[in-house]
Amino acid sequence: DAKTTQPPSMDCAEGRAANLPCNHSTISGNEYVYWYRQIHSQGPQYIIHGLKNNETNEMASLIITEDRKSSTLILPHATLRDTAVYYCIVMAAGNKLTFGGGTRVLVKP
Amino acid sequence: EPEVTQTPSHQVTQMGQEVILRCVPISNHLYFYWYRQILGQKVEFLVSFYNNEISEKSEIFDDQFSVERPDGSNFTLKIRSTKLEDSAMYFCASSEAAVGGTQYFGPGTRLLVL
């Protein structure tokens, strides 16, 4: 599976949009981009995933560049409960999830 | 909303003892996984399981580890003779399909080996 690069940390103001970048320049054509988050020591929580097209669900939006070498997770209105470590993972279907260091997001009042 | 459940939430054991961690995957899911996270470290893949067979396992998953689906609902991870370094959070996950299947995680079991 392709490697991903994420900033180690970022702060966000409560109520504002949080834009989390991820680089995956070696992604292959059959690999999906997945986003998970982990709040404290809880189990990783699925957020969203995509292959080529932008995706949106009740939690977030995922913007994938046309060349698929990078993506951005958007939390439209961050709340204090969104404070977590966010993981961008590139995975071929059916494979294991390989977690990196992620981005530690701190939402501030 | 269906969710993966795990028991126990915490387990303390003595080094050398056997432990069994239990998971109930989401009911229509066919693919099952175990991951672990040592305190302060990354989440690491241990094993995947499909159709009553191990699909893939990591280097961590040595002969001390085994997995089983003893009935239609449970998925277990057994550690035969625990070591101090097995202390970690253990997460179970399940997915409906391999192709495009999203893995959903349980809340984890915190294992402490003394």
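What counts and how
Every residue gets a number counted from 1 within its own chain, in the order that chain's sequence is written. Working convention: letters from A go to chains and numbers from 1 go to ligands, in the order in which they are written. Note on the predicted model: pLDDT of at least 70 is required for a residue's local features to be given, and 80 or more for side-chain atom pairs to be given and counted; whole-chain, interface and lining totals, by contrast, use all residues. Computation of side-chain values covers all heavy atoms of the structure but excludes hydrogens and water. Counting from the N terminus, the helices are DSSP H or I runs at least four residues long and the strands are E runs at least two residues long. Only C-alpha atoms enter the radius of gyration, while the globule expectation follows 2.2 Å times N to the 0.38, with N the number of residues. Three exposure classes are used, based on accessible area relative to the maximum for each residue type with a 1.4 Å probe and protein chains only: buried under 20%, partly exposed in between, and exposed over 50%. Two residues qualify as a contact provided that any one of their heavy atoms is within 4.5 Å of a heavy atom in the partner residue. Summed over both partners, the accessible area lost on bringing two parts together, with a 1.4 Å probe, is the buried area. Each reported salt bridge corresponds to a side-chain nitrogen of Lys or Arg within 4 Å of a carboxyl oxygen of Asp or Glu. Working definition: a ring pair exists when centres of Phe, Tyr or Trp rings (six-membered ring for Trp) sit within 6.5 Å. Plane angles under 30 degrees give stacked, over 60 give edge-to-face, the rest tilted. Put simply, a charge is over a ring when the Lys NZ or the Arg CZ is close to the ring centre, within 6 Å, and near the line of the ring normal, within 35 degrees. The pairing criterion is simple: DSSP has to find at least two bridges between the two strands. Angles shown run from 0 to 180 degrees and are taken between the N-to-C directions of axes, each axis being a line fitted to C-alpha atoms and, for helices, limited to the stretch in contact. Working definition: a disulfide is two cysteine sulfur atoms within 2.5 Å of each other.

A. Structural context of the overall build of chain B. Helices and strands together make up the secondary structure of chain B, namely 0 helices and 11 strands. Each helix and strand of chain B, placed in order from N terminus to C terminus, yields the pattern β-β-β-β-β-β-β-β-β-β-β. Scaling as 2.2 N^0.38, a compact globule of 114 residues should have a C-alpha radius of gyration of about 13 Å, and chain B matches this with 13 Å. The buried share of chain B, reckoned over its 114 residues, is 45%. Restricting to contacts in chain B with at least 6 residues of sequence separation, those with at least 24 account for 54%.

B. Molecular detail of unusual backbone geometry. For the bond from Thr-7 of chain B to Pro-8 of chain B, the omega torsion is -10°, close enough to zero to count as cis. In this fold, Pro-8 of chain B is placed in the loop between strand S1 (5-7) and strand S2 (10-13). Of note, the phi angle at Arg-68 of chain A is positive, near 65°, even though the residue is not glycine. Position of Arg-68 of chain A relative to the elements: it lies in the loop between strand S6 (61-64) and strand S7 (70-75). Judged by its relative accessible area of 9%, Arg-68 of chain A falls in the buried class.

C. A look at the interface of chain B and chain A. Contact residues are listed per partner, giving 20 residues for chain B and 20 residues for chain A. Taken over both partners, the interface formed by chain B and chain A buries close to 1500 Å², and the fraction arising from carbon and sulfur atoms is 55%. Summed over the shared surface of chain B and chain A, the result is 1 salt bridge. Of the charged contacts, one joins Glu-56 of chain B and Lys-96 of chain A as a salt bridge, the two residues approaching to 2.9 Å between their closest N and O atoms.

D. How the structure looks around the packing of aromatic side chains. Following the criterion strictly, the structure yields 18 aromatic pairs over all chains and no others. Between Tyr-36 of chain A and Tyr-46 of chain A, the aromatic rings sit 5.8 Å apart at their centres with planes inclined by 70°, giving edge-to-face as the arrangement. Of the two residues, Tyr-36 of chain A sits in strand S3 (residues 31-38) while Tyr-46 of chain A sits in strand S4 (residues 45-50), which places them 10 residues apart along the sequence. On the accessibility criterion, Tyr-46 of chain A (17% relative accessible area) is buried. Taken together, the ring pairs connect Tyr-32, Tyr-34, Tyr-36, Tyr-46, Tyr-87 and Phe-99 of chain A together with Tyr-33, Tyr-35, Phe-45, Tyr-104 and Phe-105 of chain B into an aromatic cluster. Cation over ring: Lys-96 of chain A sits above Phe-45 of chain B, and NZ or CZ is 5.9 Å from the ring centre.

E. Broad picture of the sheet that holds strand S9 (residues 103-108) of chain A. All names here are of chain A. The strand order S1-S9-S8-S3-S4 describes an open sheet built from 5 strands, whose pairing is mixed. The sheet is open, and its two edges are formed by strand S1 (9-13) and S4, each paired on a single side. Between one strand and the next, the sheet's axes are offset by a mean angle of 25°, whatever the strand orientation. Across 5 bridges, the pairing between S3 and S4 is antiparallel. If you follow Val-33 over to S4, its bridge partner there is Gly-50.

F. Summary view of the state of the cysteines. Here the structure, examined in full by the defined rule, presents 2 disulfides over all chains. A sulfur-sulfur separation of 2.1 Å characterises the disulfide bridge that pairs Cys-22 of chain A with Cys-88 of chain A. One quick way to see it: the torsion about the S-S bond of Cys-22 of chain A and Cys-88 of chain A is about -80°, and its sign makes the bridge left-handed. Remark: Cys-88 of chain A occurs in strand S8 (residues 84-92) and Cys-22 of chain A occurs in strand S2 (residues 18-23); sequence separation between them is 66 residues. Classification of Cys-22 of chain A as buried rests on a relative accessible area of 1%. Under the relative-accessibility criterion, Cys-88 of chain A is labelled buried at 1%. In this model Cys-23 of chain B forms its disulfide with Cys-92 of chain B; the gap between the sulfur atoms is 1.9 Å. Across the S-S bond linking Cys-23 of chain B and Cys-92 of chain B, the dihedral sits near -60°, which makes this disulfide left-handed.

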